Amino acid sequence: MWHSFSTCLKRYKEMGLLHGVLTLLLLMTLHWATGSQRDPCQSPEVQCDFVCDCNDCNDELDCGYRGREFVCDFEEPASCGWKDQSLEAGYSWERRQRGDALPDSGPSSDFTTGTASGWFMGVTSVQAGSPATAVLVSPAMRQSSPTCRLHLRYFLWDSGHTGLGAAPLWASLWREEVGQEAVVWRPDGTSVRGWREATVFLGRVPSTFRIRFHSRRYEGRRGDVAVDQLEFLDCAMPQPPQEESCAAGMLQCKNLGCVAQRQVCDGTDDCGDRTDEENCGGYWSCDFEEDVCDWDLRSLSPLRWKRTNQMNISLSDPRQGPGRDHSHNTASGHFLYVTAPETALKADWAAFQTPFLDPTNSTHPCKVVMYTHQFGPRAGGLSVLVADREIHPVWERGGALGDLWVKGELEVVTNMTFKILFVAAIRDKEYGGIAVDSITMSPECQISKGNNTAVRFPKPPPHPCTESDQICDFHVDCPEAQDEAKCGDFSYEGGSSGWTDSSIGGQGWQLKMYNATTKEQYLCVAQAPGQQLSEAQTRTPLLGPSGPACTLSFSFSLTGPPVHIGELSVRVIDSLLGEGPRLWEYAGKTGSSEEGAWLKEEIHLGVWDHRFQLEFLARSKVLGPDVQIAVKDVRFVNCHPDYFQSSSTELSCNFEEGLCNWYQDHADNFDWTVQSGMDHSTGIGKSLVVDMWSPSLRGLSGRLVSFPQPPTSQEHCLYFYYRLYGPDTGELKVKLHDPNGYEVLLWSRGGPHGNVWHEGHCPVAQQLTSFQLVFEAVRSGFDGEVALDDVALYKRPCSVPRACSFEGQACGFTSGYGPARWRLQNGFSTSTGPRTDHTLETQMGYYMMLDSDKEVLPQGAVSTLTSPLSWASYNPKCVNFWYHMGGKNPGSFSVYVKPEKGERVKIFSNSVSRGGVWRHGNGSISVSASDWQLEFEVEGAGGTHSYVALDDVILSNHPCHSPGEDCDLERGLCGWTNTQNTTLDKLDWELTSAEAESHYPTPPWDHTLGNERGHFLFLPSSSRDTANHNAQLLSPHLPSTKGTCLRFWAHKPSSGDSYLKVLRWSGVQSQQLLEVREVTSVWKRFDINITSAEEYQIVFEGFKGTSGVFALDDIQYTVGFNCAGAATDPLPTHPPDNAGGIAASIIVLLLLVATLAGVLCYFLREKKRAGSASQASCSDQGFSNDSYDQSLTDPTGGTRAGSGIFSVEENREEQP
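Cut-offs applied
Residues numbered from 1 in each chain as written. Predicted model: local features only at pLDDT ≥ 70, side-chain atom pairs only at ≥ 80, totals over all residues. Heavy atoms only, no water. Helix = DSSP H or I, 4+ residues; strand = E, 2+ residues; numbered from the N terminus. Contact = heavy atoms within 4.5 Å. Areas by Shrake-Rupley, 256 points an atom, 1.4 Å probe, with all protein chains shown as cover. Disulfide = S-S within 2.5 Å. Core = buried A, V, L, I, M, F, W, Y, C linked by side-chain atoms within 4.5 Å. Buried < 20%, exposed > 50% of the residue type's maximum accessible area, 1.4 Å probe, protein only. Patch = residues over 30% accessible without salt bridge, like charges linked within 9 Å, V, L, I, M, F, W, Y side chains within 5 Å. Salt bridge = Lys/Arg side-chain N within 4 Å of Asp/Glu carboxyl O. Lys, Arg positive; Asp, Glu negative; His and termini not counted. Charge placed at Lys NZ, Arg CZ, Asp CG, Glu CD. Phe/Tyr/Trp six-rings, centres within 6.5 Å; stacked < 30°, edge-to-face > 60°. Lys NZ or Arg CZ within 6 Å of the ring centre and 35° of its normal. Pairing = 2+ DSSP bridges. Axes fitted to C-alpha atoms, helices over the stretch in contact; angles between N-to-C directions. Polar contact = N/O pair within 3.5 Å; in protein donor to acceptor, adjacent residues only side chain to side chain. pLDDT = per-residue confidence, 0-100.

Notes on the overall build of the protein
Counting its secondary structure elements, the protein contains five helices and 64 strands. Nonlocal contacts in the protein, meaning residues at least 24 apart in sequence, comprise 78% of its contacts between residues at least 6 apart. Roughly 53200 Å² of accessible area belongs to the protein as shown, and the carbon and sulfur atoms make up 52% of that amount.

Next up, the structure:
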């Protein structure tokens, strides 16, 4: 051989071709070497086939999913390979986030992370003259198994109230091999502001395919159709076992995979190479591709089955037809189908049947396998009847089962010739129908050639005794309770038969006899013929609506030798909103044997406004004769809507013994939870909480609803305590809900309010009809907590509000009768007044405004805005407010305290318009032995296009803070405010103490008191998505200066990465004065000399890191004095705005003259008011950009000590 090779080389050399031959040999050698070393997992044939062939699963990246979990959450920019392929330029899909502010369209967060920074796929806005379709397409996938399904979250909300249309969202399969598209999923088009759960059943696809999500609309807003968290389940074909052969009872396929014997000759390619469907001689199968085989479609009903395919039904309307056949999973495949005709529905049933068949016996029964598709509200149910001498049912499947083909099996044993009849019930509804395909009959089902027996038809069922909506409505309307007898309540004879198995997988529910003597029955899980690897499901008929006391009671058992038997759960399926979350779940086992292993459970169902179904779901880890999951003694207790547990509808509740006469709203996204150890009253009791920190929380809102209240003849006041805590908290709202479903916003509050309880009052006007009150926690933020406690509704008007932002209503403030009137408005609705409010810093925020133009308010004329009456007080108070004066000569603005008896006292005045900005004002209120009111008064000055506006009135239980005084944060923020302008920051500085804090890291003590009870402002780190976001704290507007000293103390751990910038704002100019990234001790002081040629504000801008905390305490600015103590500015020539000195002198005088009389009066008043709520009112008419009143309550519930000057000094002396 070597000699021959040498001879060849010699000849090639002689021909001058040796160099080329050697080069060729070298290339062939390299090709062989690299080819032999190529990782077979990189082959295109094994990519995107739902099997990880590579150790790192790289062959399954960007296949519409990523990695071993086969999940796509759209967090990566590649979007797992999904791409927009929309046909119209004006409507498309996009990968997006919610954004920093809560949007007026689209999801409030993604589903995966539940935050504003999470990503999802949503549609763009659209406004078209004809329907526009947005299409989102997956990468190519190789093939899928019959059990393949896509679990996802979807969002459908008609935020613009333009209508979602008939097909706002659907999914289809595009088969590249056959060039066809088949609809596989059509969710209900109900508009719901929240993520919903769904499963797309893809089924067996033998060749390359893509998934498409479609949305078709004329008009809609951005994000109102969205998908997220796609998860592919059980999509891989059977894989070869680790052993050489399949387990006992399994069939080995040609591709070495294994399938169960029950999957053989069942009309489905379970192997993937059709091995399981090859040796089926003698079976009578019909896939309806050529004809109807021997099935007889004649019927006594005018409604008929017909052989058809999706192409003949519709390719343009995705809601029509089953979308695809079962046999080939294509739109061109045929099946039998029945639906309501386009004309009037004259009959509600249709039937088809076999020819007469020979008798069978128990050892050789006639076995039938079929696949049914029952979709949409028209699908009333499908039954299989056997007609021998009589007609009797042998199998049934009620109602709509979803957008999939479901496998069914039955056996017929009879000693007479017989027919098998398929009977469908069709409802006169909008869309849907029933289809049957791939019917396979065993060899024992032989067509008869002999004489046939006559069939006696059964008597028709009795006509319903009442209307359908009154059946199963928890109220007896018929003799012998016929309307409630078969609704799933076991207390009725035959009530257990009201449960219908709706399973689509290999486990289902059966009804069995528990006690032959008493004829007690129970529901249990058993093997079922379905293909899907899903839970066993059984449902009631449509029930309800239900009332607030409605309770589901039942007993259950999970028994057998294994340590873990399985899972059992309960959920509600709302007829309008669809499937809800699990209300109750149990996993494990209750005992080893049935005896003594039954446990009793009660689940509070509460109010369901629409008709609904109850569903038990279960999954047994192992099925066997000694393993059982069972349910019995099901009862519906006190479920009628008019039933109340007591005659009283009193709304007072401290939540120590439950929710009293309040209940959770099932139409919202999450529930309030009862939490111990942080209530308002004792600090160790219970309160209601929505934990925005929870990573499992999803959706926008959680609502607490009162029992219906009767009409009222006078104004009431809703009294409660609340907490809004955290740098990105969200909102708390109070709404009034009327019998027609309309809601009115009464009160709202958002943003940071410190780690303390606040007192809230909300006026409820006279109501001519019954009504309900609603507390709504809005999850617009993701880093905080909302809490509620001590709620009561009183038959009297609210007193003067402790805080009012004028959002929603005027808080009881009234305008006097004069030439001009104060009015409630926002910047969006008028051209006169501030463009934005102070609370929200938006055009939609409200404030009170007086037009002081000379044509409206002549020079010298006055107009007064008066607060509600406040009860007498023996503690000094401070009223803080923000005002806005604009135009030329807007007039003089003054604030008075008007006692019920005596002359009014001026506590604030200003007559200078200094730019169109909101300014802070305050005034001290002296001790008063009588009830009093606040009066905000404007005197005209002959202005032109002028106005005065008022916002955010806050009443605090301490004297006002003087400019230049050290702000120790023990009595609030001293006029400093968190901006709510989302273009400036995303978070807020929060007020807390080390003692009260249980969630965030904090300094070990404050600087002022040097202990855990002292307060400070801080910007914490957390596991939420707010890292690197900023928070701005603004001072009041300060006058121009040649030297003002800013002094503050800061805390930052060395391991943290948060930091601080100190800025000076003047007009639109910003100057950085200091940046703090390191603090060498627990608390460190910083001094800054500030100069400014014009009016300015000081800004503390904190930047949140991924760890640690940044805190501020003892903030002070000395106007006109630099940090060396030298005077830099001349004293002001005009009198100060704040007339607190006058009020202070009045305090001393009243204390000397009226101490004894005041104490006596106080005693008599409090004795008279004993048993009622505290008369100190604080109707905080919702806002967020405010000062805190830290003297309200201690976080532990008591009155907070150390809030006065002398107490502070005393505590300092006690420091170690």
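From this point, the discussion proceeds with the structure in view.
Observations concerning the state of the cysteines
By the definition in use, this model includes 17 disulfides. Across the disulfide, Cys717 is cross-linked to Cys798 (sulfur-sulfur distance 2.0 Å). Looking along the S-S bond of the Cys717-Cys798 disulfide, the torsion reads about 100°, which is the right-handed sense. On the criterion of sequence distance, the pair formed by Cys717 in strand β38 (residues 716-728) and Cys798 in the loop between β43 (783-794) and β44 (803-804) is long-range, its members being 81 residues apart. Left unpaired, Cys762 is separated from the closest cysteine sulfur, that of Cys798, by 6.8 Å.

A look at the nonpolar core
Among the nonpolar cores identified, the biggest contains 41 residues, and Trp93, Trp185, Phe213 and Phe232 are the most heavily contacted of them. Mapped onto this core, the elements with two or more residues apiece are β4 (119-123), β5 (126-137), β6 (149-156), β7 (170-175), β8 (180-185), β9 (192-201), β10 (209-220) and β11 (225-233). In this view, Phe232 contacts Phe50, Gly64, Tyr65, Glu69, Phe70, Met141, Arg149, Leu150, Leu202 and Ile211; residues no more than four positions away in its chain are not counted.

Side note on a negative patch on the surface
A contiguous patch of negative charge, built from Asp287, Glu290, Asp291 and Asp294, is present on the exposed surface. Mapped onto the fold, Asp287 is located in the loop between β14 (284-286) and β15 (306-309). The class of Asp287 is partly exposed, set by a relative accessible area of 31%.

Here we look at the packing of aromatic side chains
By the definition in use, this model includes 61 aromatic pairs. Centroid distance Phe556 to Trp584: 5.0 Å. Interplanar angle 70°. Geometry classified as edge-to-face. Taken together, the residues Phe556 in strand β28 (residues 551-559) and Trp584 in strand β30 (residues 578-588) connect sequence positions 28 residues apart. In this pair, the class of Phe556 matches that of Trp584, namely buried. One aromatic cluster in this structure is built from Trp499, Trp509, Phe554, Phe556, Trp584, Tyr586 and Phe616. It is Arg95 that lies over the ring of Trp119; its NZ or CZ is 3.7 Å from the centre. We note Arg723 situated over the ring of Trp757; from NZ or CZ to the ring centre the distance is 5.8 Å.

Focus on the sheet that holds strand β24 (residues 500-501)
Reading across from one edge, β24-β27-β32-β29-β30 is the order of the five strands in this open sheet, with antiparallel pairing throughout. The two strands at the open ends of the sheet, each matched to only one other strand, are β24 and β30. Examined bridge by bridge, strand β27 (residues 536-539) and strand β32 (residues 612-620) share four bridges and lie antiparallel to one another. Following the sheet pairing, Thr538 is matched in β32 by Phe616.

Thoughts on the pairing of strand β17 (residues 349-353)
A large share of β17 lies buried, amounting to four of its five residues. Bridge count for β17 against strand β22 (residues 419-426) is five bridges, and the pairing is antiparallel. Across the sheet, residue Trp349 finds its bridge partner in β22, namely Ala425.

Side note on the sheet that holds β38
Read from one edge to the other, the open sheet built from five strands follows the order β35-β36-β43-β38-β41, with strand pairing classed as antiparallel. What marks the edges here is a single partner per strand, and that holds for β35 (673-676) and β41 (758-764). Neighbour-to-neighbour, the strand axes of the sheet open up by a mean angle of 40°, direction not taken into account. For β38 and β43, the ladder comprises nine bridges, and the chain directions are antiparallel.

Notes on the environment of Ser301
Tracing the chain through its elements places Ser301 in the loop between β14 and β15. Judged by its relative accessible area of 2%, Ser301 is buried. Sequence-wise, Ser301 and Asp348 are 47 residues apart; in three dimensions their C-alpha atoms are separated by 8.5 Å. If we skip the residues at most four places from it in the chain, Ser301 touches Ala347, Trp349 and Ala350. Within the local environment of Ser301, its side chain forms a polar contact with the backbone nitrogen of Leu303, the two atoms lying 3.1 Å apart.

Some thoughts on the pattern of salt bridges
Taken as a whole, this structure holds 31 salt bridges when the rule is applied. In this structure, Arg723 and Glu785 form a salt bridge, with 2.8 Å as the shortest nitrogen-oxygen distance. Pair noted here: Arg723 is in strand β38 and Glu785 is in strand β43, with a separation of 62 residues, a long-range link. A single burial state applies to Arg723 and to Glu785, both of which are buried. Each member of the salt-bridge network shares a partner with another, and the members are Asp665, Arg703, Lys735, Glu743 and Glu776.

A look at unusual backbone geometry
Excluding glycine, residues mostly have negative phi values, and the peptide bonds linking residues are mostly trans. Following Gly544, the chain continues into Pro545 via a peptide bond in cis, with omega recorded as 5°. Mapped onto the secondary structure, Pro545 falls in the loop between β27 and β28.

Quick word on the side chain of Arg186
Relative to the elements of secondary structure, Arg186 occurs in the loop between β8 and β9. When its relative accessible area of 7% is taken as the criterion, Arg186 is described as buried. A distance of 3.5 Å separates a polar side-chain atom of Arg186 from the backbone oxygen of Pro322. Beyond its immediate sequence surroundings of up to four residues, Arg186 is in contact with Leu169, Trp170, Pro318, Arg319, Gln320, Gly321, Pro322, Gly323, His373, Phe375 and Asp403.

Re the confidence of the model for the protein
Of all residues in the protein, 87% attain a pLDDT of 70 or more, and the chain-wide mean is 84. The low-confidence segment residues 1-15, where pLDDT is below 50, has five contacts with residues more than four positions distant or belonging to other chains.

Some thoughts on the environment of His761
Secondary-structure assignment places His761 in strand β41. Sequence separation of His761 and Leu793 is 32 residues, and the distance between their C-alpha atoms is 9.5 Å.

Concerning the environment of Leu697
Locating Leu697 in the fold gives a position in the loop between β36 (686-691) and β37 (701-706). The spatial distance from the C-alpha of Leu697 to the C-alpha of Gly114 is 6.9 Å, given a sequence separation of 583 residues.

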